[in-house]
Amino acid sequence: MNLANPQILTCPFCGEKKEIMCLMSGNTIGAKVWSDNKSIYPMYPEISFVQKCPRCGKFYIRTRQEAVWAETGYSFEQGLLTYEEMKQAFAQLMETGDLTHDEEINVRMMLHHAHNDNFRSEQTTEFTDDDLTLFRENALWLIQNIIRDNVMKAEFYREIGEFEKAKSILDEVPVSDDFYKSLVERIQERIANRDSAVFQLY
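Residues numbered from 1 in each chain as written. Predicted model: local features only at pLDDT ≥ 70, side-chain atom pairs only at ≥ 80, totals over all residues. Heavy atoms only, no water.

K.L.:
Even after reading the chapter, I still don't get the nonpolar core, so can you show me in this structure?
P.N.:
Note on soluble globular proteins: their nonpolar side chains tend to be buried together. Val 151, Phe 156, Tyr 157, Leu 170 and Ile 187 are the most contacted members of the largest nonpolar core, which has 27 residues in total. Elements with a contribution of two residues or more to this core: helix H2 (101-120), helix H3 (129-145), helix H4 (150-159), helix H5 (163-170) and helix H6 (178-192). Beyond its immediate sequence surroundings of up to four residues, Val 151 is in contact with Leu 170, Val 173, Tyr 180, Leu 183, Val 184 and Ile 187. In terms of nonpolar packing, the next biggest core, distinct from the first, is built from 15 residues, Phe 49, Ala 89, Phe 90 and Leu 99 among them. (Core = buried A, V, L, I, M, F, W, Y, C linked by side-chain atoms within 4.5 Å. Buried < 20%, exposed > 50% of the residue type's maximum accessible area, 1.4 Å probe, protein only. Helix = DSSP H or I, 4+ residues; strand = E, 2+ residues; numbered from the N terminus. Contact = heavy atoms within 4.5 Å.)

Shown next, in the form of structure tokens:
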């Protein structure tokens, strides 16, 4: 992993500037891939699509920023959001109503992953009924609007606790290779155990 000069972001609300990591190169060695389609690359760190202003606390889309880089130095700042911050970002960004379709997909996937990060770490989050309702409604939007693969549809239904729906989808999935077969079997095992937690694929 090689760092480049950091990108300079400017908050569209208050004008505060901050520097974030910029990579010249990276690789996928040591990658971890999860059943909700999240990938973690230690040598190719994720730079958050949604950034939080350190001064005013509002959230904005990184890719809307003009490409401006510092002349020297480097930064390890990724701008990653906690689950609580991602909920706040989701509420703020959806309220504006000006997200493009692709931006909305990215924001909704970030919310889904942020919820599931509870199962990827040793910290345990006590989800409220509102949290679970938000997770379910967001997952259903993703299923209905962007997910075309039936195995992934089944997985998202499993994650929101709709085990019978997930099972009925998987029962109709043709298994074409060993990896696919293994994935389907791992999801089916968790459905049988009424387990909705995300799991690591490799």
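Now, onward.
K.L.:
Would you mind showing me how to read the pattern of salt bridges here?
P.N.:
Pairs can form between side chains of opposite charge whenever their charged atoms are close. Under the counting rule described, the total for this entry stands at 14 salt bridges. Here Glu 85 and Lys 52 are joined by a salt bridge, their closest N and O atoms 3.3 Å apart. Note that Glu 85 is positioned in helix H1 (residues 83-96) and Lys 52 in strand S7 (residues 50-52), a separation of 33 residues in sequence. Each of Asp 36, Lys 38, Asp 117 and Arg 120 takes part in one network of salt bridges that share partners. (Salt bridge = Lys/Arg side-chain N within 4 Å of Asp/Glu carboxyl O.)

K.L.:
What am I meant to see in the packing of H3 against H4 here?
P.N.:
What describes two packed helices is the angle between their axes and the distance between those same axes. Across the interface, H3 lies against H4 with an axial gap of 10 Å and an inter-helix angle of 170 degrees. One element, H3, and the other, H4, form an angle in the roughly antiparallel class. Contact with H3, carried on its side by Phe 135, Ala 139, Leu 140, Leu 142 and Ile 143, involves Lys 153, Phe 156, Tyr 157 and Glu 159 of H4 and no other residues of that element. Its residues assigned to classes, the contact of H3 with H4 shows seven nonpolar, no polar and two charged. (Axes fitted to C-alpha atoms, helices over the stretch in contact; angles between N-to-C directions. Parallel < 35°, antiparallel > 145°, perpendicular 65-115°, else oblique. Nonpolar A, V, L, I, M, F, W, Y, C, P; charged D, E, K, R; others polar.)

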